[in-house]
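Observations on chain architecture
Residue strings, one per chain:
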Amino acid sequence: MDNKYLKRLRRTEKIQTVLAKVQQHISLLSYILLVVAFLWLLTFPSIYYSKKTYISENALLPNQAILQYETHQAQSAYQHMHALQAHQSSEQALRYVQRVLEETGLRTETQSFNYTDPLSGRLRTGNNLHGIMYAPQGDTTEALVLAAEWSSGDGLLDDIHQQHEEGGIRRNINGVAQLLSLAQHFRTLNHWSKDLIFLVVEQGQIGAEMWLRGYHGNDYPYAAPIRLRSGAIQGALALDLPAGESYSGLGAFFAGKNGQLPNLDLLNILARITQKLDVPWTLQHITRRTAPLLSAHRQDISDTGNWGMLWQHYCDATRTLVGTMSAQASGITVGIHGPFHRFRIDAVTLQAQVATAEDPISMRFHFAEVGKVVESTFHSLSNLLEHFHQSFFFYLLPSPWQYISIADFSPPILIMAAALLCSALASWWAATEEDSTDASSSTEDSKHEDSVLFDRAEKQFTRRITTYLAFWSKFPQVQRLLWTCYGGLGTVLYLLPWALANWCGTMTDSCTLQDNASWWLWGSVSIVVGGLAVLGSQCPPQCDTRLLRTCVLLIVMLATTAVSVMNFSLALVLALLLCPPMVFLPTGHSASTISSATVGGCQLRRMVLTVWLMIISPPMLVYFMHRFTALPLPQLLGRILVEYDLFGAWIYPLIGFVYWPTLVLALIILWR
Amino acid sequence: MRFLCPLSITLLGWGLAESSSFPSTSLESDRFTEKLLINPLTTDKVLAHFDFTITSRWHTPEGQEPHHYRLFPRLIGQIIEKFGIREFHLSIGQGRWDYDSWGYPVEPSTSPSLELWTRLETGDDMEDRWQGFTNALSGLFCASLNFVDNTTTSSPLLSFRSPSQLQKLLQDKAEHPTTPEATSPTPSELRHTFLAREGVCTENLTPWIKLLPCQAKSGLTTLLNTYRLFDSSYHSMSIHVHRTCLGESCSKEVWRMRQTLTTVTDRLRLPRQSPALLDTLFDRSLKNTCPLADQSTISVLVPTEGNTFTLQSKPSSWSKAIPIPERKVALFDLKSLVTPNQSFDIDITWPNTWDAHGLSRSSIPLVMHRYVTGQGLERNGLEVHLENRHTQDIPVVYLDTLPWYLNVYFHTLRLEAQPLSAAQQPQVLARANTTTVEPTEMYLQPSHDHGRPAVMEIRFTIPAQSLVTLSVDFDKMFLKYTEHPPDANRGLNVGSAILTAALVSPSTVTPCDYQGLLHPEEQLWRHVRTTTESATVPEVCLTRLYSELFLVSLPTPDFSMPYNVIAFTCTVLAFFFGSMFNSLSRGYVVLSREDVQNTTESPGTAGNTSQKNGDTPVSKSDQKKSQ
């Protein structure tokens, strides 16, 4: 016998024993990994986990220019505010804005658009207006945008439908007035290296999207082409100043569609500028009770007096992270900056918070301070020699002064993926183990050691091959199930609202958003239940749920990690919702090996998991969202569809093609 | 003896067409004129255009007399002679000329970059001479002209022909032979180049001023205050050297060098506005005139209506020679007005009320705008809007030179016309009523990678009162990493497109009007009449319009951490996927002992398997591998 060959056999033998140990404990390992991932997530808000922000692009030079927007210039903002308040109709107000911009020496253009809501077929029309101030001596190759929309956004409540239905529009007159006075002020300055575009949009994000499409020359049937253009837009600021005597805080809303974020430098310069100007600065109005940096407390842990401070920071950071990450995951935020990111433009909405009686006088501010912030930011953006530094948009912000980089925030999701992988391996090994039970009996012979070893190796090899062949014989069934569920059910769920709208179009005028939304909701639920029944009955008794479980877990893992590269927050939500129930899903069994002893314990587990899967099913999630945001259900559903139809957000196809079919398959695995 | 060329009208480039009454005395010696033209464009913007012209016989056509430089700068003369230059036009500008508000410029080249076009005498060593010439100019004007190479140079066939030929080309509908200078006995070839992203600076201005006879010591050049000059909304300096001829039958040929400098001042951005015009614009006043100048004048174009300024000083005369629409021309002859002890200025009053746009949009017959479409690397393309607001069709030649790193798909080239009435209604969403415009003549030169640029030259007619949209798609290519420019990675500028048009009886101030005013003795751009001397032939002005530049940000190598990680893990995953896919996509079967023995007996296989006892499953794929 070849000595080398024997050595190799011994080595494989050793590996086999280790593997056998791993196989025994693989499920436990997946639970441990899951727990580790959750604990790791809890460290995110800690002050020790995040780094201090810094300005990556040196050319930005925040706070270097002497600001000339003073109370005198702010007077014009008050004038415009009063004038705009006098104009009740939007048509009149638009004419006023156009006249002011033209008198300032800007060329203006109006763009009209009409967009049909995919769910209700309702037409949304509006007019965007922009004026371009060509930079003195500029070569029209680059531009910056200062934008304002007519209505002041407030999260989901800025939905246009609702405003029209309720009649009272929260108008962003102050924002437009501020924009006009800034246009007049910027006209007198001569240091601009980029053209300045002043944009006033209607219908919120829809208007902004239409304008951007027109500006970038996309032939789009819903919007008029734009003829008055400048060069490539390098940055944008959107102003959102609700009506009020004075403001107590300026909040940044920065999450775009599909988890796109503006360059961190843009937020960094804003944080530094507002700090210098003594303007209270927050992320999404999440107030902080601790000093911006806490550097002293951070170093001195032994002092127990600091613990309270650090805990406070931890709580604030948690709120900030949850707020900003949920905005990033859903793509639903205040302001019109969202569509800009899709056109590779870094944009942020600045929303002011109206001061209440409790706010101290010293903290209050109004047009003059906001104007200074914008002027200073535009000076910095105009300084920009090249583009913003690349790859500075993978970050999470626990506070305006701290960030977590991609290297630090990606491990938990990878660990969760590893937990899924381990769990998948567990059921895979379980699926391939059934023939191995009888293999151990023949090893009792007291032959020569070498030949025993050889025999064992040979048997193992045979076993591997036979299980492999057995797998191939089972696989087509599983494959068929996967295709019908992810492909068939997914497509039906995905296409349902469009089919409904189409059907609605033929049904004359009896169709409303309300009807359609409920049709959609009930339709999809019944489709899922029907699909569940059909697929469950289709899965024959010999159908191997262990193999099915392996495939489903791998698909979930793939989807989570793939999404995490693009939109970390969405991937995290997906992982948090799907990972635990999938990992706790019983490893599965083949029809022949159900032992009656385990059935009792299994039933309880089944019931708990079924309830769990029901709770995280999309209709329930939509319901929770409806309760949480107090937005009417039809509007919420309409919004989700518009997000996909107009802004290309993935949430809707992700639910249709991945999330819901996965839940259906999980139920099949559970009850088979 | 490069300059020994017989006399012929067609040789003479832009510069002439018909001879005119030129003072006979000046034939003997060099002649220098300095002129300043001031024209309020809008309520806030004032155009000031300096024109210094030297006409010289420094080199006689016959070449019999020795070279004698008097006023004509020897620096230029030697360069011209050494490199066999027939004519050259260099202009460096900064800022955007706003055609819509300001009308047409005095000098047509308004590209906010460096433009050089020249006619070289044809010969074997042309490429060397072109390189030598650009290098010489680079040294002379402190500009980075030495970066001109074959990736930026083009030789347009139609756009830069002589006015008479262009006139014929544009007025006739029929196709023309493409040989540009068919009648010329010593053929010359055109070279045209843009150096986008070349800013003007005092270092360019100083050598430019040095070429003038009086330099900056006296005369109108003393007004060139660099602080004001480089604070203006637009400025452009240029030098044009070409040959022209004098006398009835063009018997005498002379060289003419025009140096011009254009600024547009935004008076609302100035710290103070005095009632004196020169003081407001340049923060200086005139103390003397250049003693070497034969003529030294300031012409102020006073608008007959509109809200600009009113003239208080009494001019030497009101020029009636050239009727200019909506303007009266006040001439100030500085030779008589400027006295040594007293500084000279023009008194005016500025308006108090505001009028945003001096010129209404409709009065400019033809406007061009070029935009780039798409974002990132998605749906990239060009979109050129050509708007004809005139009541007559305008024949044009469109020239665009696109560098090789834009991979232009010429099959996507579209020319669509749309009535202005439909285009201007904002409520019309889709492009309504569009019709395809058929080009009369089209020259498309595809680019070579890392080599020559793509050139498109299209001759077509813009229908009256309509908007023609020219669109073409392109892809951005990868630069080698050494090809990226060394400075901050802002992207690469692409030079302007040029539209050559024959404006028929326009109702606004044209470059021809300005030139007629500055050089009444020589009808530079205008009235190249057809051979039939009929009175009904309309007045035609040939001019060129320059579009905006655009910025291309090419895909850049990004070596930052996240992308490294992504690239690395993707590579690992690709390997993993390969082997996994390989093993998954193979079919495995269990072989019987006979099969195994059969295969081992076959020649060329290792005999290891024959030693084994029992049924040994061997995968077919392994067998295949071992074979």
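As annotated in an unreviewed UniProt entry, chain B carries the name Subunit of the glycosylphosphatidylinositol transamidase complex-like protein and comes from Dispira parvispora.

As recorded in an unreviewed UniProt entry, chain A goes by Glycosyl phosphatidyl inositol protein transamidase complex subunit and comes from Dispira parvispora.

All names here are of chain A. A cluster of nonpolar side chains, contributed by Val-611, Ile-615, Met-620, Tyr-623 and Phe-624, occupies part of the molecular surface with about 420 Å² of accessible area. Secondary structure elements with two or more residues in the nonpolar patch: α18 (596-615) and α19 (618-629). The leading source of residues in the nonpolar patch is α19, at three residues. In this fold, Val-611 is placed in helix α18. Look at Val-611 and you get partly exposed, because its relative accessible area is 47%.

Below, the discussion takes up the sheet that holds strand β10 (residues 395-399) of chain A. Residue and element names in this part refer to chain A. Ordered by their spatial adjacency, three strands build an open sheet running β1-β11-β10, and the pairing between neighbours is antiparallel. In this open sheet, the two strands that pair with only one neighbour each are β1 (51-52) and β10. Sheet analysis places β1 next to strand β11 (residues 402-405), joined by two bridges and oriented antiparallel. Bridge assignment links Lys-51 to a residue of β11, and that residue is Tyr-403.

This brings us to the pattern of salt bridges. Under the counting rule described, the total for this entry stands at 33 salt bridges over all chains. Residue Glu-643 of chain A is joined to Lys-257 of chain A by a salt bridge in which the shortest nitrogen-to-oxygen separation is 3.0 Å. Pair noted here: Glu-643 of chain A is in helix α20 (residues 633-647) and Lys-257 of chain A is in the loop between β7 (247-253) and α7 (264-276), with a separation of 386 residues, a long-range link. Residue class for Glu-643 of chain A comes out buried when judged on its relative accessible area of 4%. In the salt-bridge network here, residues are joined through shared partners; they are Arg-187 of chain A together with Asp-44, Lys-45, Asp-231, Asp-266 and Arg-269 of chain B.

Each disulfide consists of a covalent bond between the sulfur atoms of two cysteine residues. All names here are of chain B. Enumeration over the complete set of coordinates arrives at two disulfides over all chains. Here Cys-512 engages in a disulfide with Cys-541; their sulfurs sit 1.8 Å apart. Between Cys-512 and Cys-541 the sulfur-sulfur dihedral comes to about 80°; the bridge is accordingly right-handed. Of the two residues, Cys-512 sits in helix α10 (residues 511-518) while Cys-541 sits in strand β24 (residues 540-546), which places them 29 residues apart along the sequence. Not engaged in a disulfide, the cysteine Cys-201 finds its nearest cysteine sulfur in Cys-142; these two sulfurs lie 9.8 Å apart.

Here we come to α7 of chain A. Residues and elements named next belong to chain A. Relative to the 18 Å expected for 13 residues at 1.5 Å per residue, α7 spans 19 Å between its end C-alpha atoms, a close match to the ideal helical length. Across the 13 residues of α7, eleven count as buried, placing the element largely inside the fold. Buried within α7 are the following residues: Leu-264, Asp-265, Leu-266, Leu-267, Asn-268, Ile-269, Leu-270, Ala-271, Arg-272, Ile-273 and Thr-274. Measuring from the backbone nitrogen of Asp-265 back to the side-chain oxygen at the start of α7 gives 3.1 Å, which picks out Asn-263 as the cap. Asp-278 sits one or two residues past α7 and shows a positive phi near 60°.

Next up on the list: the side chain of Ser-56 of chain B. Residues and elements named next belong to chain B. Note that Ser-56 resides in strand β2 (residues 45-56). A residue is classified by how much of its surface remains accessible, and Ser-56, at 1% relative accessible area, is buried. Of the polar contacts made by the side chain of Ser-56, one reaches the side chain of Asp-30; its length is 3.1 Å. Non-local contacts of Ser-56, meaning those with residues more than four positions away in its chain, are made with Asp-30, Phe-72, Val-254 and Trp-255.

On to unusual backbone geometry, then. Even without being a glycine, Arg-344 of chain A presents a positive backbone phi close to 60°. Tracing the backbone shows Arg-344 of chain A in the loop between α10 (338-342) and β9 (346-354). A positive phi is found at Asp-283 of chain B, a non-glycine position, where the angle reads about 60°. Locating Asp-283 of chain B in the fold gives a position in the loop between α7 (277-282) and β9 (295-303). Residue class for Asp-283 of chain B comes out partly exposed when judged on its relative accessible area of 35%.

Rules used throughout
- Residues numbered from 1 in each chain as written.
- Chains lettered and ligands numbered in written order.
- Predicted model: local features only at pLDDT ≥ 70, side-chain atom pairs only at ≥ 80, totals over all residues.
- Heavy atoms only, no water.
- Patch = residues over 30% accessible without salt bridge, like charges linked within 9 Å, V, L, I, M, F, W, Y side chains within 5 Å.
- Areas by Shrake-Rupley, 256 points an atom, 1.4 Å probe, with all protein chains shown as cover.
- Salt bridge = Lys/Arg side-chain N within 4 Å of Asp/Glu carboxyl O.
- Helix = DSSP H or I, 4+ residues; strand = E, 2+ residues; numbered from the N terminus.
- Buried < 20%, exposed > 50% of the residue type's maximum accessible area, 1.4 Å probe, protein only.
- Pairing = 2+ DSSP bridges.
- Disulfide = S-S within 2.5 Å.
- Expected span 1.5 Å × (residues − 1).
- Polar contact = N/O pair within 3.5 Å; in protein donor to acceptor, adjacent residues only side chain to side chain.
- Contact = heavy atoms within 4.5 Å.

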